[in-house]
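As a plain string of letters, each chain reads:
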Amino acid sequence: MGEDLERLKHRIPLLEYLQRHHWTGHRAGAHSEFVGLCPLHEETHPSFYVNAQKNLFYCHGCGRGGDLIRLVELSQHLSFRQSVTYLQEELAPTSQLLEHTAGFYQLELHRHPEGIHYLAQRGVHDPDLIEELGIGYARGGNLRPHLMGLGYSLELLLQAGLISSPGRDAFCRRVIFPCRQHHRVVNLYGRSVGSAFPHRLLPHSKGGLFAWESVRQFPDVILVEGLLDLAVLWQEGFRNTTCAIGTHLTAPQWTELCESCNHSIYLAFDQDYNQAGQRAAQALAQRLHHVGLNVHIVHLPTGHDPISYFAAGATKSDFTRCLDEAESL
Ligand SMILES: [Zn+2]
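Residues numbered from 1 in each chain as written. Predicted model: local features only at pLDDT ≥ 70, side-chain atom pairs only at ≥ 80, totals over all residues. Heavy atoms only, no water.

Trainee: What am I meant to see in the overall build of the protein here?
Mentor: The secondary structure content of the protein amounts to 15 helices and 14 strands. Relative to the globule expectation of 20 Å for 329 residues, the C-alpha radius of gyration of the protein, 22 Å, shows essentially globular dimensions. Summarising its shape, the C-alpha atoms of the protein cover approximately 70 × 50 × 40 Å along the three principal directions. The proportion of buried residues among the 329 residues of the protein is 50%. Taking the intrachain contacts of the protein between residues at least 6 apart in sequence as the baseline, contacts between residues at least 24 apart amount to 57%. Summing over all exposed atoms, the protein offers an accessible surface of approximately 16,400 Å²; the carbon and sulfur share of this is 52%. Looking at the protein, you have 27 positive and 34 negative side-chain charges, and the mean spots of the two groups are 6 Å apart. (Helix = DSSP H or I, 4+ residues; strand = E, 2+ residues; numbered from the N terminus. Rg over C-alpha atoms; globule rule 2.2 N^0.38 Å. Buried < 20%, exposed > 50% of the residue type's maximum accessible area, 1.4 Å probe, protein only. Contact = heavy atoms within 4.5 Å. Areas by Shrake-Rupley, 256 points an atom, 1.4 Å probe, with all protein chains shown as cover. Lys, Arg positive; Asp, Glu negative; His and termini not counted. Charge placed at Lys NZ, Arg CZ, Asp CG, Glu CD.)

Dropping the structure here:
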């Protein structure tokens with residue numbers, strides 16, 4: 001383990017890591033020392049020093065210092081072990097590849113009106129939110145030349161599931177949401193704007209709950225099925241909304257949701273005519289209730305999910321009333 005850690009730190013030099021995460025430092029003195037603003041807290045005067053030779057940092061502002069793993073622990077709020085995994089994933093070529101793919105689709109959104117048009121029609125129109133969520137558009141048929149132009153091999157594209165074996169793009173005419181975990185893209189979700197099956201994820205893990213890093217700070221958490229539901233709720237100011245992409249929670253998502261017994265969870269699943277969403281909400285609510293969480297089931301009018309509810313003319317106060325009237329367990 002010790003040797004592996006040394007190798008890991010050697011493969012990701014501290015200074016390079018910081019620069020990749022948008023840190024700017026200036027040379028301080030003659031040696032390999034750099035100084036800049038501390039990434040661990042707000043400050044106006046640079047007090048964060050990096051010794052590029054020793055691969056160590058120290059901040060005179062907050063008194064914290066250490067190596068790369070320590071920096072990840074502090075900046076990403078991860079345990080030692082999680083930080084090591086995080087760094088190992090940083091080295092994985094697919095991680096960079098998904099980042100580039102998400103970036104490409106984000107630019108494409110502004111090149112083809114279809115994507116923006118679809119979002120607007122569903123009620124998602126705030127340009128700042130679209131930018132913040134990194135929503136993109138996959139026209140289909142143009143991803144491969146772009147990524148291969150960046151030097152990625154066809155084999156890696158196939159392995160990542162971005163291209164199918166006949167050579168077609170996995171996403172075609174879909175609005176794309178990057179799924180991030182600890183600020184890194186772990187998957188891409190594509191919502192069809194045409195007649196194809198509506199939902200598509202790459203064959204990777206869904207990752208944790210969407211935007212859990214920010215949502216976990218709220219005492220009340222709203223859990224929805226879909227990323228479009230989340231987008232419209234965020235747009236309406238319900239920033240305490242997270243999403244599991246579907247009604248089934250993976251083990252990491254379950255752990256996140258259970259991590260604090262101080263949270264009240266509001267399940268706002270689809271109100272399906274065939275009762276599928278309602279049954280899933282009941283089952284999940286029971287499980288959460290069982291482990292001691294404060295759970296509420298939100299009832300929207302039959303046939304609606306949060307996005308269609310707003311598209312049908314509901315307002316912020318209508319949804320707030322649904323939350324107030326939610327069924328408690
Ligand atoms: Zn500091």
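Resuming the write-up.
Trainee: Explanation requested: the pattern of salt bridges in the structure shown.
Mentor: Where side chains of opposite charge bring their charged atoms close, a pairing between them can arise. Summed over all chains, the structure comprises ten salt bridges. The partner of E114 in a salt bridge is R173, and the shortest N-O contact between them spans 2.7 Å. With E114 in helix α6 (residues 113-122) and R173 in the loop between α9 (154-159) and β7 (174-181), the pair connects residues that are 59 residues apart, well separated along the chain. Taking the relative accessible area as the measure of exposure, E114 reaches 32% and is therefore partly exposed. Overall, the relative accessible area of 36% leaves R173 in the partly exposed class. The salt bridge partner of E132 is R239, with a shortest N-O separation of 2.5 Å. With E132 in helix α7 (residues 127-133) and R239 in the loop between α11 (227-235) and β11 (241-243), this pair connects stretches of sequence that are 107 residues apart. (Salt bridge = Lys/Arg side-chain N within 4 Å of Asp/Glu carboxyl O.)

Trainee: Even after reading the chapter, I still don't get the sheet that holds strand β4 (residues 56-59), so can you show me in this structure?
Mentor: The strands that make up a sheet are held in pairs by hydrogen bonds between backbone atoms, and each pair lies either parallel or antiparallel. Spatially, the five strands line up as an open sheet ordered β1-β2-β3-β4-β5, and their pairing is antiparallel. This sheet does not close on itself; its edge strands, each paired only once, are β1 (25-27) and β5 (65-66). (Pairing = 2+ DSSP bridges.)

Trainee: How should the packing of helix α12 (residues 251-258) against helix α13 (residues 276-290) be read in this particular structure?
Mentor: Following both chains from N to C, one finds α12 and α13 inclined at 55°, their axes separated by 11 Å at the closest point. The angle between the axes of α12 and α13 places the two elements in the oblique class. Our pair here, α12 against α13, has a crossing hand that is right-handed. From α12, W254, L257 and C258 reach across to α13, where they touch L284, R287 and L288. Residue classes in the contact of α12 with α13 are distributed as five nonpolar, no polar and one charged. (Axes fitted to C-alpha atoms, helices over the stretch in contact; angles between N-to-C directions. Parallel < 35°, antiparallel > 145°, perpendicular 65-115°, else oblique. Left-handed = near helix turned anticlockwise from the far one by under 90°. Nonpolar A, V, L, I, M, F, W, Y, C, P; charged D, E, K, R; others polar.)

Trainee: Explain the environment of I297 here, please?
Mentor: Within the secondary structure, I297 sits in strand β13 (residues 294-297). The exposure class assigned to I297 is buried, which follows from its relative accessible area of 4%. Taking the C-alpha atoms as reference points, I297 and P127, separated by 170 residues in sequence, lie 31 Å from one another. Once residues lying within four places of it in the same chain are set aside, the contact partners of I297 are L267, A281, Q282, A285, A326, E327 and L329.

Trainee: Got a minute to help me understand the packing of aromatic side chains in this structure?
Mentor: Describing an aromatic ring pair means giving the distance of the ring centres and the angle of the ring planes. Applying the stated criterion across every chain yields a total of nine aromatic pairs. For the pair F48 and F57, a centre-to-centre distance of 5.4 Å together with 25° between the ring planes defines the contact as stacked. Residue F57 is classed as buried on the basis of its relative accessible area, which comes to 3%. Taking the centre distance of 6.4 Å and the plane angle of 80° together, the rings of Y105 and F171 count as edge-to-face. With Y105 in helix α5 (residues 93-109) and F171 in the loop between α9 and β7, this residue pair connects regions lying 66 residues apart in the sequence. For F171, a relative accessible area of 1% puts it in the buried group. Here a set of aromatic residues connected by ring pairs shows up, and it is made of F238, Y309, F310 and F319. One Lys or Arg, R287, reaches over the ring of W254 and ends 4.0 Å from the middle of that ring. (Phe/Tyr/Trp six-rings, centres within 6.5 Å; stacked < 30°, edge-to-face > 60°. Lys NZ or Arg CZ within 6 Å of the ring centre and 35° of its normal.)

Trainee: Looking at this model, I keep getting lost on the sheet that holds β7. Mind explaining?
Mentor: Across the sheet, which stays open at both edges, the four strands sit in the order β6-β7-β8-β9 with antiparallel pairing between neighbours. The sheet is open, and its two borders are formed by β6 (136-138) and β9 (199-201), each paired with just one other strand. Strand-to-strand, the axes of this sheet are offset by a mean angle of 35°, without reference to chain direction. Here β6 pairs with β7 via three bridges, running antiparallel. Each bridged residue has a counterpart across the sheet, and for A138 the counterpart in β7 is R174.

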